[in-house]
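# Descriptive structure summary
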Amino acid sequence: MLQVRNIEKYYGDKNNITKALDRVSFDVADGEFIAIMGASGSGKTTLLNCISTIDTVSAGDILLDGESIAELPSRELAKFRREKLGFVFQDFNLLDTLTLEENIGLALTLNHASPVTVQKRVMQAAAQLGIGDVLSKFPYQVSGGQKQRAACARAMVAGQSLLLADEPTGALDSSASKNLLEIMTQMNQNMGATILMVTHDAYSASYAGRVLFLKDGRLFNELLRGNRSRSVFYHEILDVLALLGGDISDVI
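## Here's the deal with unusual backbone geometry
For N6, which is not glycine, the phi torsion reads 50° and is therefore positive. Of note, the phi angle at D65 is positive, near 55°, even though the residue is not glycine. Tracing the backbone shows D65 in the loop between β4 (59-64) and β5 (67-68). Exposure remark for D65: the relative accessible area of 39% places this residue in the partly exposed category.

Structural data, given as structure tokens:
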């Protein structure tokens, strides 16, 4: 699904150049759940920004479903984001003036889908995530967990190829974090969502099937979970983070 090919990203001018990404390459298969980890300044958010087309690469290429993101004209980027990418934000980003049903179906509506199609897809996504009975309510009328589920449904309802999450649990307490991670796992396992999640938290990363570690803008290591328990995988992640060196408090 996703192919990242020797991408580099530079910031600054010729007198003061910072290399944020240094020949990073990896593939993401359809249906994978991947976490990206690294200390502050390792390049993990820059990498996600390049994949999401918020930023552009200085060299290399990124392909999603065989289509080069780097070569897309600026006028097509908004359409690409809307149709190919789903986003999970720390604070949900639901519109308080719209019901949950309207929030979830907003991307489809903006894509000029028919009302029948919008309703069908929204109802299907809501049922899969257990919020079919609160679709008529506004965000301020439902619980935080229901808001999370609505935000996740919105990220997937238009049939996006890739779900991107940048520190999705960063503003949540431990209970809400666990709830969101379980929702994302459900989306991955039951709805076929392909997820790429940037996180500094080893506990969050342990929910993924593969973890990529960045150091100084380069891929340092990767771990595959396989059939191991999440608890065992969590401790293996901690071991790799210890090898990264530096201020481990930045990444655990």
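## So, the pairing of strand β10 (residues 218-224)
Bridging between strand β9 (residues 210-215) and β10 involves six bridges; their strand directions are antiparallel. When the bridges of β10 are listed, L212 appears paired with E222. The hairpin formed by β9 and β10 contains two residues between the paired strands, and D216 there has a positive phi angle of roughly 55°.

## A short note on the packing of helix α6 (residues 144-156) against helix α7 (residues 174-190)
Contact pair α6 / α7: the axes reach a minimum separation of 10 Å and the direction vectors enclose 30°. Taken together, the axis directions place α6 and α7 in an arrangement best described as roughly parallel. As for how α6 packs across α7, the hand of that crossing is right-handed. Across the interface between the two elements, G145, Q148, R149, C152 and M156 from α6 touch A176, N179, L180, I183, Q186 and M187 from α7. Here the contact of α6 with α7 is built from residues that sort into six nonpolar, four polar and one charged.

Scoring rules and cut-offs
- Residues numbered from 1 in each chain as written.
- Predicted model: local features only at pLDDT ≥ 70, side-chain atom pairs only at ≥ 80, totals over all residues.
- Heavy atoms only, no water.
- Helix = DSSP H or I, 4+ residues; strand = E, 2+ residues; numbered from the N terminus.
- Buried < 20%, exposed > 50% of the residue type's maximum accessible area, 1.4 Å probe, protein only.
- Pairing = 2+ DSSP bridges.
- Axes fitted to C-alpha atoms, helices over the stretch in contact; angles between N-to-C directions.
- Parallel < 35°, antiparallel > 145°, perpendicular 65-115°, else oblique.
- Left-handed = near helix turned anticlockwise from the far one by under 90°.
- Contact = heavy atoms within 4.5 Å.
- Nonpolar A, V, L, I, M, F, W, Y, C, P; charged D, E, K, R; others polar.

No statement about biological role is implied by the geometric values presented.
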